[in-house]
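Topology and contacts: notes
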Protein chains: 2
Amino acid sequence: MSRSAGNGAESGSGGGSVGGVGATQGARDDRGRSLTGSLAHRVPDLGAMELLLAVARLGSLGGAARELGITQPAASSRIRSMERQLGVALVDRSPRGSRLTDAGALVTDWARRIVEAAEAFDAGAQALRDRRDSRLRVAASMTIAEYLLPGWLVALRAQLPDTAVSLLAGNSAAVAERLLADDADLGFVEGVSVPTGLDSAVIGHDRLIVVTAPGHPWARRRHPLAAAELAATPLILREEGSGTRQVLDAALGGLARPLIELSSTTAVKAAAVGGAGPSVLSELAVGEELTTRRLVRVPVADVVLARDLRAVWPTGHRPTGPARRLLSLTRA
Amino acid sequence: MSRSAGNGAESGSGGGSVGGVGATQGARDDRGRSLTGSLAHRVPDLGAMELLLAVARLGSLGGAARELGITQPAASSRIRSMERQLGVALVDRSPRGSRLTDAGALVTDWARRIVEAAEAFDAGAQALRDRRDSRLRVAASMTIAEYLLPGWLVALRAQLPDTAVSLLAGNSAAVAERLLADDADLGFVEGVSVPTGLDSAVIGHDRLIVVTAPGHPWARRRHPLAAAELAATPLILREEGSGTRQVLDAALGGLARPLIELSSTTAVKAAAVGGAGPSVLSELAVGEELTTRRLVRVPVADVVLARDLRAVWPTGHRPTGPARRLLSLTRA
DNA sequence: TGAGGGCATAAGCTGGGGTTATGAGCAGGA
DNA sequence: TCCTGCTCATAACCCCAGCTTATGCCCTCA
């Protein structure tokens, strides 16, 4: 393949489809995944994505290579193999630098999503690893640890790159225990009551919302759902004793009727998306599903399904230093 | 290392820190990234994440291996090397199966985020690749292609696994052109006006919102911002001619004053997060930043910064088949 | 007590991604 | 005009991560 063969211009608008490739393997499983090679075989790896982002930012393969600490030929071949894998020209190589194709710009944006999720993963994993011998020890309840903390940690790391943050996840009681035993500097809990011995600040709200698949009759309701109606309808729920279940029971007066009981938020989401019925979930857990309309929010009239998200610390020990900084990142 | 050495119990709540590892390399760059090895070296690859999810779901290494089409030793060693890399015990291996550690459960949830982003990437890439010779040809404007379409495609693929979807991204005019030339079956545009020759249905709204870094004075305002105040303040903006800029100018009467002009949404976000000043951005673009409070939304009083998101098709040619199905996934 | 499912260990192969070394297109200044 | 410096490409070689097959131990259950 000679210098600027084939791709080059790729005109003003669309997805550049590079020739050949021919891999239109029709075999798919029941979820539409190709059977030959799972995701990892069809999606470039993180290194390639980082490289692509660097190329996009710097406008040069060699520059990107330098930034990532590899050589220019390595970068070039990596990008090329990514293009081969995707069957789409991503960068327009010229002797004066490399610019993204239109398709490349789109792919880069999607790649950025993945890299951001990976950064959150990394920040969380780092915190998990930093257990002892660390400077800022955070204890958090599951929902917060799952959905919010990784993002905060990414932000915190931008401000305090040298602070090792350690994370410990558990229920409210465990968080309180750790704080009081001075095993943690700052805690995060969700729920109405604050464990005794702790001071707290509200940092946000976790609303439970009623959701259904778009096909469900409730998705087309024009008027909000009444509490009684909600209480009378069997719902896809977390198991009894779970945090969200407690809040729901309290709001309805202990009446929530389970259609199915599942032991993880993910399983509940999957069931709801699959159309098994309406469910009640934390809005933190279903943001993505709502924007892509895999789930639809059903407005509710006379029930308050909100619980506070709070930062907590031992009474008297106002957060200072890194803890204070983290707190300020989270606060409304 | 013998059978159940070391990790095992790890009691009821937290992040299990496996011994050793010792890789607390202090060297970090200005963003807190470790210099030795970029993200890709600190984060397990997609294959490992998929494997972990499978183990979580099936409760067995061998079962997960079977599902992914690899052998049991391969799965075992892969998980083990992931644990070594993260410095945390993830699964509790027993002769009767494998369950996740508490830390493992957390890590699995974070991993799921990455895998979901990768699925969206894959769906988009597949559509980009399927240019010609496909059954459903979609043309979409950039914002929609970037933030919404991948999710819809994932959902559509669940319903119609065998339909090849092709995607073409461009501005409104390009979308219209493709539809009228019968180069596309369904289009998506944002903006107030519908190109002539096309019918449309509103499928959502893209609100532009005013955001700042949490440290900015506006972040602590108690009262909404007046339009005049917004118009009088220099803002971080996309370049003149961009879609969001047009809407903003229209809403303010052509008065928006740029503090900095940048040519990509990502660059604008980065500047705003960095505290360079207030900005106006699509709410689709800043969802993540808002929930993690890297950016804060500033309420605005008397300006309507909404534009419709519309599905469009050639007048008369009501969407049918897969196009209709996709439309129903997006519709309110 | 055997059958079967679970996991571990060991030895060997393969290929993707890295490296060095070299050359060629294009711009801008002496 | 030619040199210098940036860009990218190609070629030959190397290494190790991750896979495989083969085998064995642990535990449970009929």
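Owing to the predicted nature of the structure, the values given are computational and were not obtained by experimental measurement.

1. Quick word on the overall build of chain A
- Secondary structure assignment for chain A yields 13 helices and eleven strands.
- Counting all 332 residues of chain A, 53% fall into the buried class.
- Intrachain contacts of chain A at a sequence separation of at least 6 include 70% that bridge at least 24 residues.
- Carbon and sulfur atoms make up 50% of the accessible area of chain A, which amounts to about 14400 Å² in all.

2. A short note on the protein's contact with DNA strand C
- For DNA strand C, the set of nearby residues contains 24 residues, the closest of which are A:Thr71, B:Ser76, B:Arg80, B:Arg93 and B:Ser98.
- The share of sugar and phosphate among atoms of DNA strand C within 4 Å of the protein is 69%.
- The contact in question runs from a phosphate oxygen of DNA strand C to an N or O atom on the side chain of A:Arg78, over 3.2 Å.
- A distance of 2.6 Å separates a phosphate oxygen of DNA strand C from a polar side-chain atom of B:Ser98.

3. Structural notes on helix α10 (residues 243–252) of chain A
Residue and element names in this part refer to chain A.
- Within α10, burial applies to Thr244, Arg245, Val247, Leu248, Asp249 and Leu252.
- For α10, the elements touching its buried residues are β6 (198–212), α9 (227–232), β7 (234–238), β8 (257–262), β9 (279–282) and β11 (306–314).
- Backbone geometry just after α10 places glycine 253 at a positive phi near 80°.

4. Here's the deal with the side chain of B:Arg294
- Here B:Arg294 is to be found in the loop between α12 (287–291) and β10 (296–298).
- The exposure class of B:Arg294 is buried, given its relative accessible area of 17%.

5. Considering the packing of helix α7 (residues 149–159) of chain A against helix α13 (residues 321–330) of chain A
Residue and element names in this part refer to chain A.
- The contact between α7 and α13 brings their axes to 10 Å, and the two run at 125°. If you check the angle between α7 and α13, you find them oblique. Every pair of crossing elements has a handedness; the one defined by α7 and α13 is right-handed. Within the contact between the two elements, α7 uses Trp152, Ala155, Leu156 and Gln159 and α13 uses Arg325, Leu326, Leu329 and Thr330.
- Along the lines of polarity and charge, the residues of the contact of α7 with α13 split into five nonpolar, two polar and one charged.

6. What about the UniProt feature "domain: HTH lysR-type" (unreviewed entry) in chain A?
- When the UniProt feature table is mapped to this numbering, "domain: HTH lysR-type" (unreviewed entry) covers residues 44–101 of chain A.
- Segment residues 44–101 of chain A splits into 62% helix and 14% strand. End C-alpha atoms: 17 Å apart.

7. A look at the packing of helix α2 (residues 46–58) of chain B against helix α3 (residues 61–68) of chain B
All names here are of chain B.
- In contact at an axis separation of 8 Å, α2 and α3 are set at 125° when each is read in the N-to-C sense. In terms of orientation, α2 and α3 fall into the oblique class. The crossing of α2 and α3 is right-handed. Of the residues in α3, those in contact with Glu50, Leu51, Ala54, Val55, Arg57 and Leu58 of α2 are Leu61, Gly63, Ala64, Ala65, Glu67 and Leu68.

8. With respect to the relation of the copies chain A and chain B
- Overlay of chain A on chain B (RMSD 0.0 Å): rotation 180°, translation along the axis 0.0 Å. The operation mapping one copy onto its partner corresponds to a two-fold rotation axis. The C-alpha atom lying nearest the rotation axis in chain A is that of A:Ile114; the distance is 2.8 Å.
- The overlap is high: 99% of the interface residues of chain A also sit at the interface in chain B, so the same surface is used on both sides.

9. Considering the packing of aromatic side chains
Residue and element names in this part refer to chain A.
- In this structure the tally under the stated criterion is two aromatic pairs over all chains.
- Judged by centre distance (5.1 Å) and plane angle (50°), the rings of tryptophan 152 and phenylalanine 188 are tilted. Of the two residues, tryptophan 152 sits in helix α7 while phenylalanine 188 sits in strand β5 (residues 186–190), which places them 36 residues apart along the sequence.

10. Describing the pairing of strand β3 (residues 136–140) of chain A
All names here are of chain A.
- Counting buried residues in β3 gives five out of five residues, a clear majority hidden from the surface.
- Residues Leu136, Val138 and Ala140 line one face of β3 and the alternating positions Arg137 and Ala139 line the opposite face, and both faces are buried.
- Pairing of β3 with strand β4 (residues 165–169), which is carried by five bridges, proceeds in the parallel orientation. Its bridge partner lying in β4, arginine 137 is registered against serine 166.

11. Remarks on the interface of chain A and chain B
- Facing 75 residues of chain A, the contacting portion of chain B comprises 74 residues.
- At the boundary of chain A with chain B, total buried surface from both sides reaches about 6900 Å², with 60% on carbon and sulfur atoms.
- Where A:Asp122 meets B:Arg42, a salt bridge forms, and the shortest distance between an N and an O atom there is 2.7 Å.
- Scanning the region where chain A abuts chain B turns up 17 residue pairs in polar contact (both at pLDDT 80 or more).
- Per element, the largest residue contribution to the side of chain A that touches chain B is 21 residues, and it comes from helix α5 (residues 102–129) of chain A.
- Of the residues belonging to the side of chain A that touches chain B, the class tally is 36 nonpolar, 18 polar and 21 charged.

12. Focus: the pattern of salt bridges
Residues and elements named next belong to chain B.
- Going through the model one piece at a time under the given rule, you end up with 34 salt bridges over all chains.
- Of the charged contacts, one joins arginine 157 and aspartate 122 as a salt bridge, the two residues approaching to 3.1 Å between their closest N and O atoms. Taken as a pair, arginine 157 in helix α7 (residues 149–159) and aspartate 122 in helix α5 (residues 102–129) lie far apart in primary sequence, 35 residues in all. Note on accessibility: arginine 157 and aspartate 122 belong to one class, buried.

13. Things to note about the domain arrangement of chain A
All names here are of chain A.
- When the domains of chain A are assigned, the result is domain 1 (39–130) and domain 2 (136–331).
- On a C-alpha basis, the centres of domain 1 and domain 2 stand 34 Å from each other.
- On the side of domain 2, eight residues touch domain 1, which itself brings nine residues to the contact.
- Taking both sides of the interface into account, the surface hidden between domain 1 and domain 2 amounts to around 720 Å²; carbon and sulfur atoms contribute 63%.
- Per-residue buried area on domain 1 facing domain 2 is highest for Ala123, Ala127 and Asp130; these three make up 53% of the total on that side.
- For the pair domain 1 and domain 2, the interface holds one salt bridge.
- In this structure, the connection of domain 1 to domain 2 is made through two residue pairs in polar contact (both at pLDDT 80 or more).

Quick notes on the rules
Residues numbered from 1 in each chain as written. Chains lettered and ligands numbered in written order. Predicted model: local features only at pLDDT ≥ 70, side-chain atom pairs only at ≥ 80, totals over all residues. Heavy atoms only, no water. Helix = DSSP H or I, 4+ residues; strand = E, 2+ residues; numbered from the N terminus. Buried < 20%, exposed > 50% of the residue type's maximum accessible area, 1.4 Å probe, protein only. Contact = heavy atoms within 4.5 Å. Areas by Shrake-Rupley, 256 points an atom, 1.4 Å probe, with all protein chains shown as cover. Near = heavy atom within 4 Å. Polar contact = N/O pair within 3.5 Å; in protein donor to acceptor, adjacent residues only side chain to side chain. Axes fitted to C-alpha atoms, helices over the stretch in contact; angles between N-to-C directions. Parallel < 35°, antiparallel > 145°, perpendicular 65-115°, else oblique. Left-handed = near helix turned anticlockwise from the far one by under 90°. Nonpolar A, V, L, I, M, F, W, Y, C, P; charged D, E, K, R; others polar. UniProt positions renumbered as here; feature names shortened; annotations may be inferred. Least-squares fit on C-alpha atoms with pLDDT ≥ 70 in both. Phe/Tyr/Trp six-rings, centres within 6.5 Å; stacked < 30°, edge-to-face > 60°. Pairing = 2+ DSSP bridges. Buried area = accessible area lost by both parts, 1.4 Å probe. Salt bridge = Lys/Arg side-chain N within 4 Å of Asp/Glu carboxyl O. Domains from an automatic or database assignment.

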